[in-house]
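# Chains, contacts and geometry: an overview
For reference, the chains in residue letters:
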Amino acid sequence: MKILLASILPVQDSHSWSGICKAIYIQLSKRHQLSICYSESVHSQQKILARISYYTNRLIRKRLNIYFSQYIAKRYARVLEKQIILTQPDLLIVLGSGSELYAYKPSCTAYLIADATFSLLQDNYISYTNLFESSVATAKKVEKQSLKNFNSVFYTSKWAQNNALKTYPKMKTTTINFGSNLGDSDFVMTPISKDVTKLRLLIVGKDFHRKGISQAVKLQKYLDCHLDIIGID
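What you are looking at is a predicted structure, and each value in this text was computed from that prediction instead of being measured. (Residues numbered from 1 in each chain as written. Predicted model: local features only at pLDDT ≥ 70, side-chain atom pairs only at ≥ 80, totals over all residues. Heavy atoms only, no water.)

### Side note on the packing of aromatic side chains
A full pass over the atoms with the stated rule returns seven aromatic pairs. Here the aromatic rings of Tyr111 and Phe154 are separated by 5.1 Å at their centres, their planes lie at 75°, and the arrangement is edge-to-face. Linking Tyr111 in strand S4 (residues 109-114) with Phe154 in strand S5 (residues 152-155), this pair joins segments that are 43 residues apart in sequence. Judged by relative accessible area, which is 28%, Tyr111 ranks as partly exposed. Here a set of aromatic residues connected by ring pairs shows up, and it is made of Tyr67, Phe68, Phe118, Tyr125 and Tyr128. (Phe/Tyr/Trp six-rings, centres within 6.5 Å; stacked < 30°, edge-to-face > 60°. Helix = DSSP H or I, 4+ residues; strand = E, 2+ residues; numbered from the N terminus. Buried < 20%, exposed > 50% of the residue type's maximum accessible area, 1.4 Å probe, protein only.)

### Some remarks on a positive patch on the surface
Judged by side-chain charge, Lys74, Arg78, Lys82 and Lys141 come together as a positively charged surface patch. Ranked by residue count, the leading element in the positive patch is helix H3 (residues 70-87), at three residues. Structurally, Lys82 can be placed in helix H3. (Patch = residues over 30% accessible without salt bridge, like charges linked within 9 Å, V, L, I, M, F, W, Y side chains within 5 Å. Areas by Shrake-Rupley, 256 points an atom, 1.4 Å probe, with all protein chains shown as cover. Salt bridge = Lys/Arg side-chain N within 4 Å of Asp/Glu carboxyl O. Lys, Arg positive; Asp, Glu negative; His and termini not counted. Charge placed at Lys NZ, Arg CZ, Asp CG, Glu CD.)

### Quick notes on the pattern of salt bridges
On inspection of all chains with the given rule, the structure shows one salt bridge. In this structure, the salt-bridge partner of Arg200 is Asp228, at a minimum N-O distance of 2.8 Å. Taken together, the residues Arg200 in strand S7 (residues 200-204) and Asp228 in strand S8 (residues 226-230) connect sequence positions 28 residues apart. Residue class for Asp228 comes out partly exposed when judged on its relative accessible area of 27%.

Pasting the structure below:
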């Protein structure tokens, strides 16, 4: 099958979406003819918008809408349309917010893989706090219009799917296993020692509270074992 994998982020960069984009690319490329739609210029413009938002928040405690931006979505749509005409894919898979289809409806089947909705992100992630009222309204508008242009949306949890259906009851959606973002790494399964004093725990994440690292610390103290934390100072 000819698949076009689209994202505003660089798909083959291990940092994009914590490595999820690259892992999906690696897995799909094993069995399918895979192409990528990415625009460095559009991504650069998004970074500039993020920088402006950073300064507005420093000055007046208000942020701009970065990831559901009409301007960025429209610019990306031009790139995506050209790539679809060029590659003629059987299937378009979009990774991320879905805003990539805000200003463009492809002729081929289009799926979105996402892990949250705007309402779940708002006020729970730093980039989505202190938003201008106009930014909130625009984000909701962009998300609503974008989701209409997908044949189906795959969410990675019931938490996200239930919220999406609450907001958009008629949308076609299901949940999928997100899978590993560690690519082709080999894992060796070993039984946990009954002697908990020899147990070593590992957790990876940057946000101490949102990623549950605070809970891991409590577990480590409860079990009186060793805990390695990767991602924070």
